[in-house]
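Commentary on secondary and tertiary structure
Here is how the chains run, residue by residue.
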2 protein chains.
Amino acid sequence: MLRTHTCGELRISDVNKEVTLTGWVQRLRDKGSLLWVDLRDRYGITQLFLEEGKTDPALLQAARSAGREYVLKAKGTVVERLSKNDKMPTGDVEIRVTSIEVLNTSKTPPFTIEDNTDGGDDLRMKYRYLDLRRNVVRESLQLRHKMAQQTRIYLDSLNFIEVETPVLIKSTPEGARDFVVPSRMNPGEFYALPQSPQTFKQLLMVSGFDRYYQIVKCFRDEDLRADRQPEFTQIDCEMAFITQEDILYTFEGLVRHLFKNVKGIDMPSVPHMSYDDAMKYYGSDKPDTRFEMKFVELNDITQGKGFQVFDSAELVVGICAKGCAEYTRKQLDELTEYVKKPQIGAKGLVYVQCKADGTFKSSVDKFYSADDLKTWAEKFNAQPGDLIFVLSGDADKTRKALNELRLKMGDALGLRDKNKFAALWVIDFPLLEWSEDTNRWHAMHHPFTSPKPEDMKLLESDPGKVRANAYDMVINGTEVGGGSIRIHDRATQQLMFSKLGFSDEEAKKQFGFLMEAFEYGAPPHGGIAFGFDRLCSLFGGADSIRDFIAFPKNNAGRDVMIDTPSTISQEQLTELNILVKEIKK
Amino acid sequence: MLRTHTCGELRISDVNKEVTLTGWVQRLRDKGSLLWVDLRDRYGITQLFLEEGKTDPALLQAARSAGREYVLKAKGTVVERLSKNDKMPTGDVEIRVTSIEVLNTSKTPPFTIEDNTDGGDDLRMKYRYLDLRRNVVRESLQLRHKMAQQTRIYLDSLNFIEVETPVLIKSTPEGARDFVVPSRMNPGEFYALPQSPQTFKQLLMVSGFDRYYQIVKCFRDEDLRADRQPEFTQIDCEMAFITQEDILYTFEGLVRHLFKNVKGIDMPSVPHMSYDDAMKYYGSDKPDTRFEMKFVELNDITQGKGFQVFDSAELVVGICAKGCAEYTRKQLDELTEYVKKPQIGAKGLVYVQCKADGTFKSSVDKFYSADDLKTWAEKFNAQPGDLIFVLSGDADKTRKALNELRLKMGDALGLRDKNKFAALWVIDFPLLEWSEDTNRWHAMHHPFTSPKPEDMKLLESDPGKVRANAYDMVINGTEVGGGSIRIHDRATQQLMFSKLGFSDEEAKKQFGFLMEAFEYGAPPHGGIAFGFDRLCSLFGGADSIRDFIAFPKNNAGRDVMIDTPSTISQEQLTELNILVKEIKK
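Along each chain, residue indices are assigned from 1 in the same order as the chain's sequence is written. Note on labels: chains are lettered from A, ligands numbered from 1, in written order. In view of the model being predicted, local features appear only for residues whose pLDDT reaches at least 70, and side-chain atom pairs are presented and counted only at 80 or more, with totals across whole chains, interfaces and linings using the full set of residues. Water and hydrogen atoms were dropped before computing side-chain values, which therefore reflect all heavy atoms in the structure.

A separate point is the overall build of chain A. Secondary structure summary: chain A contains 17 helices and 23 strands in total. Oriented by its inertia axes, the alpha-carbon framework of chain A measures out at about 95 × 75 × 55 Å. Out of the 585 residues belonging to chain A, those deemed buried represent 58%. Throughout, a contact is declared for two residues whenever any of their heavy atoms are within 4.5 Å. In chain A, once contacts between residues fewer than 6 apart in sequence are set aside, the share between residues at least 24 apart is 66%. Per-residue and other accessible areas were derived by the Shrake-Rupley procedure at a 1.4 Å probe size, with only the shown protein chains allowed to occlude residues. Summed over its atoms, the accessible surface of chain A is roughly 24000 Å², and 48% of this surface lies on carbon and sulfur atoms. Here chain A holds 80 positive side-chain charges and 88 negative ones, and the gap between their average locations is 4 Å. Put simply, DSSP H or I for four residues or longer makes a helix, DSSP E for two residues or longer makes a strand, and each gets a number counted from the N terminus. Relative accessibility decides the category of a residue: with a 1.4 Å probe and only protein chains considered, values under 20% of the type maximum give buried, values over 50% give exposed, and everything between is partly exposed. Charge counting follows a simple rule: Lys and Arg are positive, Asp and Glu are negative, and His as well as the terminal groups are ignored. All charge positions are set by atom: Lys at NZ, Arg at CZ, Asp at CG, Glu at CD.

Next comes the structure, spelled out in structure tokens:
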């Protein structure tokens, strides 16, 4: 090594040692006769020290000429600092430098290499290799490494085998859009990049691998909303000879292991909630259970009192915000405007202020007596000082809107602390959902998910009512993982494809190999996949996944650092037997 | 779990326990009144036992109807076997069955699920999920899992961080052919799949990550020779602030760690050999050093004696095969035919038999006296009973041919035992090699490899003589890994690109981001990549990598199980803005 020590390891006990450090110039302070250089590497910062008169002038000159981000190799003696810095682990010592070698120079970086950088997003993405020098970004990727390590330790301990599944697979139209790869050796044919290793992990169960996992890149060619990436990473798992309870138990174990070993947090066992209850009480299939503020349905006590808005509503439903009774007119107006935004979609907001003196003040006093409002309050278990919000209308839309309001109030009341974690299993998802776009049923999870046996009889008569053996792990209102018990016999799989509008021929062309595999002794099996990027950002307390990915792409799917995608040569196109169509401007 | 125990864990100490096992029917032996079923899972085989008269007839019937590879759930009591089988860990016990549930039936598999299967390669590939049930294949993948685990344990212990680099990157013409991915959002533009994460790992060094690794899929669209796959896996590593010696030491450590922890083998420290010596003494840059049989050059003692073939040869070189003096005429003729095959390319084979009585018999007795041959023998340190082979001609071609003969003789003499391992560092590779095809210099390793500073002066005058700071790890004659110290300054990198025939514009378009990164304080760095598939097959003592990959592709790049590559829809092509050219039949 060019160094004897890293910039993070010298302590007072190392005083008098002759050392060689390498790293980057973080800062240079030149007081004329005294010169300090903060030398940085991945492990920390150590202060170098040079004194006029006691140091070779050429050496001083070399140190003075070193700008920010120069790469230095410095030899010297560890000495105790006069003024110690207890904010850094190496703060008790400095290096009295005896020689300096400039290993490389640096142009002035386009933004500061500091936790709070002055660089905007675009600049940081273009110079990602400089952005990665910042502690916050590097630490995010170190956290990711630790998450992967601990995931493997946990799953290895349970006899899971990590198996690599292929990246060049087959395009299938079900689900999201595939990225495809033209095959040169098979002209006119294409591979697809996997949206998940779903069929392969199921085949591994058919093969008797019993317990499989993989931390694996997956790909979706979707229009990128904020914080979505065309390539992303999953913790992908599958088990055979299990029930749903076994999966929930095993992977709740994984999440608790990660919290314990990465964050030092003892997470309690994870409660289960049915999809129906999640929708009823939180208006979302991924409720944030860091805080209560559950929905209370009010149809029975609000309808038939002459308030047309409620009377005509499919659902009247509300939440109670603790201690908010004294919200001002302005605050209430703002919230009303908020729920009326097109993306929230409510028509208006009814509120009831439960005054400290036991009286009530509401926006619907005209229709409801004090006694009426008292009944409402009782239903919410509202106390004096609380504020009740009520929305009404079409059930699905109203729940969706109230979910948004609940989350906004959770934020307002500081109930969504990033350092608190609440996990939840949402279970019993519907098997199918109707798409108005395509005018057919779609698999809510995917076509391989097993219906609940007791609901099979509804598949013909009332497909929307069929529940699946499917489950999501939700943490702090974010879906971090999801999975299901799979179909493992050909007949059910074929029935499922036909319900999803596949012709027999299409089903056979795309998934014939899987259905055939089911005829050779497929065991009962099921699994789960966690969104690893998201899980890491959640553990890191960040809103965005971007800094948990070393080289992310922007919202146009571009890597602006390497400037790709890009054109390829005519020779490449010819070899691949494809043409690019003229691009309409 | 549907089971209480696996099929591999019950022992004599479990007798009298009530257990439930799940697994596949390996074999059914029906002796009329007695019925045995061997139930198999990933963990082993346990014998089930049913006795007419003592078992419910319906149960017997159920067991009898179960064919090979049926999936069963069997309950029963662990009992001691009357006739024990000490070849299997569970061989002391069997299960007296009290209930059987058929979890799934199976068609008769197209080949037997046995170590020595009757299935040919094509059938095994088509039904890979059944092939994976065979112990030998599953154990190969378990070995791979263990190799990956131990690799991570070793590298983690040395502060390496695993960082995922992107799969959708930029196409660059240098090196092998890229697989490309059309970008829907950027019409007319393409991503490429990485042939290696080379530039990204170098950028991580520029970022100060200091020590990086990744077990990562890479892609090459090459015509597939036997045992090459379009997607393959690398252990990819990079370190900063190091010398070549640090890399060799660190990764020799990895290989020794793997031998110790995966195979239980204490491997001695790995010798270094220069590329020049490897070529001179073994005629190969990946010599198999499990055995000696080094090349001996004979120009000085063989030329000028009137034997025109030797006199006109650039090189006269031979090997000595211990104890082969009594090879028959037929054997010698066969070896002569072997070296004359076009792919070996020798013109003929000269031999000297060192007889037990101290006399010599050679195919060139006409030209060389007994004393001459004695001099030869001394040069080889040949003993009575040994056989000397000599080839001659153009130096490069002759070395290449003699290398083949040496390996063949190694095989013949049993010197290439798959359970013996000899590792070697080959160092000081040439930086450049001349390509007759393209009429220009190519990078022997890749364009980012650093020339040896002391050879830089030759770059203009004699480019072929410039040595690189590049190294390969060779085990048993197979290159398992290779790497180099990298260029880390813009000027040298630019010079290198220009030597390789890049225009400034091309270099900038393709690698501008890297050269720009070098201007912001790039540290000295270097790295290595191991071919993980190959390394696993070597550890597994196998010739082919295929069974160390769960779902390999065939030599036409096809996955015959899922039947891909395949056509995609017109809608997909339209969205991607490409056309498939009409295919000429």
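Still to come is the rest of the account.
Before going further, it helps to examine the interface of chain B and chain A. Counting residues at the interface gives 127 residues for chain B and 127 residues for chain A. Simply put, the buried area is the total loss of 1.4 Å probe accessible area from both parts when two parts are fitted together. Summing the contributions of chain B and of chain A, the shared interface buries around 11300 Å²; its carbon and sulfur component is 58%. The term salt bridge refers to a pairing of a side-chain nitrogen on Lys or Arg with a carboxyl oxygen on Asp or Glu at a separation within 4 Å. Joining chain B to chain A, the criterion identifies 16 salt bridges. One salt bridge connects Arg152 of chain B with Glu162 of chain A, and the closest N-O pair in it is separated by 3.7 Å. Polar contact is defined as a pair of N or O atoms within 3.5 Å, subject to the rule that within protein one atom must be able to donate a hydrogen and the other to accept it, and that residues adjacent in sequence are counted only when both atoms are side-chain atoms. Taken together, chain B and chain A are joined by 77 residue pairs in polar contact (both at pLDDT 80 or more). The biggest single contributor to the side of chain B that touches chain A is helix α4 (residues 135-157) of chain B, with eight residues.

Following the sequence through the fold, Ser106 of chain B ends up in the loop between β5 (93-104) and α2 (121-126). Among residues more than four places away in sequence, those in contact with Ser106 of chain B are Glu519, Tyr520 and Gly521 of chain A together with Arg68, Glu69 and Tyr70 of chain B.

Let us look at the relation of the copies chain B and chain A. When chain B is brought onto chain A, the operation consists of a screw motion whose angular component is 180° and whose axial shift is 0.0 Å, with 0.1 Å RMSD remaining. Expressed as an axis order, the relation between the two copies is that of a two-fold axis. Interface overlap between copies is the fraction of interface residues in one copy that are interface residues in the other; for chain B against chain A it reaches 100%, indicating a shared surface. The fit set for superposing copies consists of C-alpha atoms from residues with pLDDT of at least 70 in both; the fit itself is least squares.

For the rest of this paragraph, the subject is the packing of aromatic side chains. The pairing test for Phe, Tyr and Trp rings, Trp by its six-membered ring, is centres within 6.5 Å, and the orientation test on the planes gives stacked under 30 degrees, edge-to-face over 60, and tilted for anything in between. In this structure the tally under the stated criterion is 50 aromatic pairs over all chains. Between Phe502 of chain A and Phe511 of chain A, the ring centres sit 6.3 Å apart and the planes meet at 50°, which makes this aromatic pair tilted. According to the relative accessible area criterion, Phe502 of chain A is buried, its value standing at 10%. When its relative accessible area of 5% is taken as the criterion, Phe511 of chain A is described as buried. A network of ring pairs unites the aromatic residues Phe307, Phe310, Phe367, Tyr368 and Trp376 of chain A as a single cluster. By the criterion adopted, a ring carries a charge over it if an Arg CZ or a Lys NZ lies within 6 Å of its centre and within 35 degrees of its normal. Here Lys294 of chain B stacks its cationic end above the ring of Tyr281 of chain B, 5.0 Å away from the centre of that ring.

All names here are of chain A. With mixed pairing, the five strands of this closed barrel are ordered in space as β1-β2-β3-β5-β4. Mean inter-strand twist for the sheet, computed between neighbouring axes without regard to direction, equals 55°. What makes two strands pair is DSSP finding at least two bridges between them. Direction of pairing for strand β2 (residues 34-41) relative to strand β3 (residues 44-51): antiparallel, over a ladder of eight bridges. Bridging from a neighbouring strand, Leu39 pairs with Thr46 of β3. Orientation is described by lines fitted to C-alpha atoms, with helices fitted over the stretch in contact, and by angles between N-to-C directions that extend from 0 to 180 degrees. Here helix α1 (residues 57-65) sits on the sheet in contact with β1 (18-30), β2, β3 and β5 (93-104), set at roughly 75° to β5.

Consider a sheet: its strands pair through backbone hydrogen bonds, and that pairing is either parallel or antiparallel. Pairing within the closed barrel is mixed, and its five strands lie in the order β1-β2-β3-β5-β4 (chain B). Across the sheet, the axes of successive neighbouring strands diverge by a mean angle of 55°, strand direction being ignored.

Burial analysis of helix α5 (residues 198-206) of chain B places nine of its nine residues in the buried class, which makes it a mostly covered element. For α5 of chain B, the set of buried residues is Gln198, Thr199, Phe200, Lys201, Gln202, Leu203, Leu204, Met205 and Val206 of chain B. Packed against the buried residues of α5 of chain B are β1 and α3 (128-131) of chain A together with β9 (211-219), β10 (231-240), α15 (504-517) and β22 (525-531) of chain B.

This next bit is on the pairing of strand β18 (residues 432-435) of chain A. Residue and element names in this part refer to chain A. By the bridge criterion, four bridges tie β18 to strand β19 (residues 440-443) in an arrangement that is antiparallel. Within β19, the residue paired with Ser435 across the bridge is Arg440. The turn linking β18 back onto β19 is made up of four residues, and Asn439 within it adopts a positive phi angle of 60°.

Residue and element names in this part refer to chain A. Of note, the amide linkage connecting Thr564 to Pro565 takes the cis form, showing an omega dihedral of 5°. By secondary structure assignment, the location of Pro565 is in the loop between α16 (532-539) and α17 (570-576). Within the chain, Glu69 stands out as a residue other than glycine whose phi angle is a positive 70°. By secondary structure assignment, the location of Glu69 is in the loop between α1 and β4 (71-80).

All names here are of chain B. On inspection of all chains with the given rule, the structure shows 105 salt bridges over all chains. Lys452 serves as the salt-bridge partner of Asp428, at 2.8 Å between the closest nitrogen and oxygen. Taken together, the residues Asp428 in the loop between β17 (423-427) and β18 (432-435) and Lys452 in the loop between β19 (440-443) and α13 (458-461) connect sequence positions 24 residues apart. With respect to class, Asp428 is no different from Lys452; both count as buried. Residue Asp563 pairs with Arg558 through a salt bridge whose shortest N-O separation is 3.0 Å. Of the residues examined, Asp563 reaches a relative accessible area of 42% and is grouped as partly exposed.

Let's shift gears to the domain arrangement of chain A. It is common to give the size of an interface as the accessible area that goes away when the parts come together. Splitting chain A by domain gives domain 1 (12-104), domain 2 (138-273 + 423-571) and domain 3 (291-412). By convention here, the domain bounds are inherited from an automatic or database domain assignment. Taking the mean C-alpha position of each, domain 1 of chain A and domain 2 of chain A sit 50 Å from one another.

Time to look at the state of the cysteines. All names here are of chain A. When two cysteine sulfur atoms are found within 2.5 Å, that pair is recorded as a disulfide. A complete count under the given rule lists zero disulfides over all chains for this structure. No disulfide involves Cys536; its sulfur sits 14 Å from the nearest other cysteine sulfur, which is in Cys237. Using a relative accessible area of 0% as the deciding quantity, one classes Cys536 as buried.

Across chain A, the average pLDDT comes to 95, with 99% of residues at 70 or higher. Scored as a whole, the predicted complex attains pTM 0.96, and scored at its interfaces, ipTM 0.95. By definition, pLDDT measures how confident the predictor is in each residue, and it falls between 0 and 100.

Moving on, we get to the environment of Asp428 of chain A. Residues and elements named next belong to chain A. Note on Asp428: relative accessible area 16%, which makes it buried. Distance in space between the C-alpha atoms of Asp428 and Val466 is 9.4 Å, their sequence separation being 38 residues. For Asp428, the side chain forms a polar contact with the side chain of Lys452, separated by 2.8 Å.

All names here are of chain A. Note that Asp533 resides in helix α16. A sequence separation of 124 residues divides Asp533 from Met409, and the C-alpha atoms of the two residues are 27 Å apart. Aside from chain neighbours lying at most four places away, what touches Asp533 is Arg144, Phe232, Thr233, Ile545, Phe548 and Ile549. Here Thr233 takes part through its backbone nitrogen, which lies 2.9 Å from a polar atom of the side chain of Asp533.

This next bit is on the pairing of strand β4 (residues 71-80) of chain B. Residues and elements named next belong to chain B. Within β4, eight of the 10 residues are buried, which leaves the element mostly enclosed by the surrounding structure. Strand direction decides the pairing type here: β4 and β5, joined by 10 bridges, are antiparallel. Looking across to β5, one finds that Val71 is bridged to Asn104.

What follows is about the environment of Glu454 of chain B. Residues and elements named next belong to chain B. Considering the arrangement of structural elements, one finds Glu454 in the loop between β19 and α13. Classification of Glu454 by relative accessible area gives partly exposed; the value is 45%. Separated by 12 residues in the primary sequence, Glu454 and Val466 place their C-alpha atoms 8.9 Å from one another.

Let's shift gears to a positive patch on the surface. Patch definition: residues with relative accessible area over 30% and no salt bridge; like charges joined within 9 Å; nonpolar side chains (Val, Leu, Ile, Met, Phe, Trp, Tyr) joined within 5 Å. A cluster of basic residues, Arg220, Arg225, Arg228 and Lys286 of chain A, forms a positive patch at the surface. Following the sequence through the fold, Lys286 of chain A ends up in the loop between α7 (275-282) and β12 (296-297).

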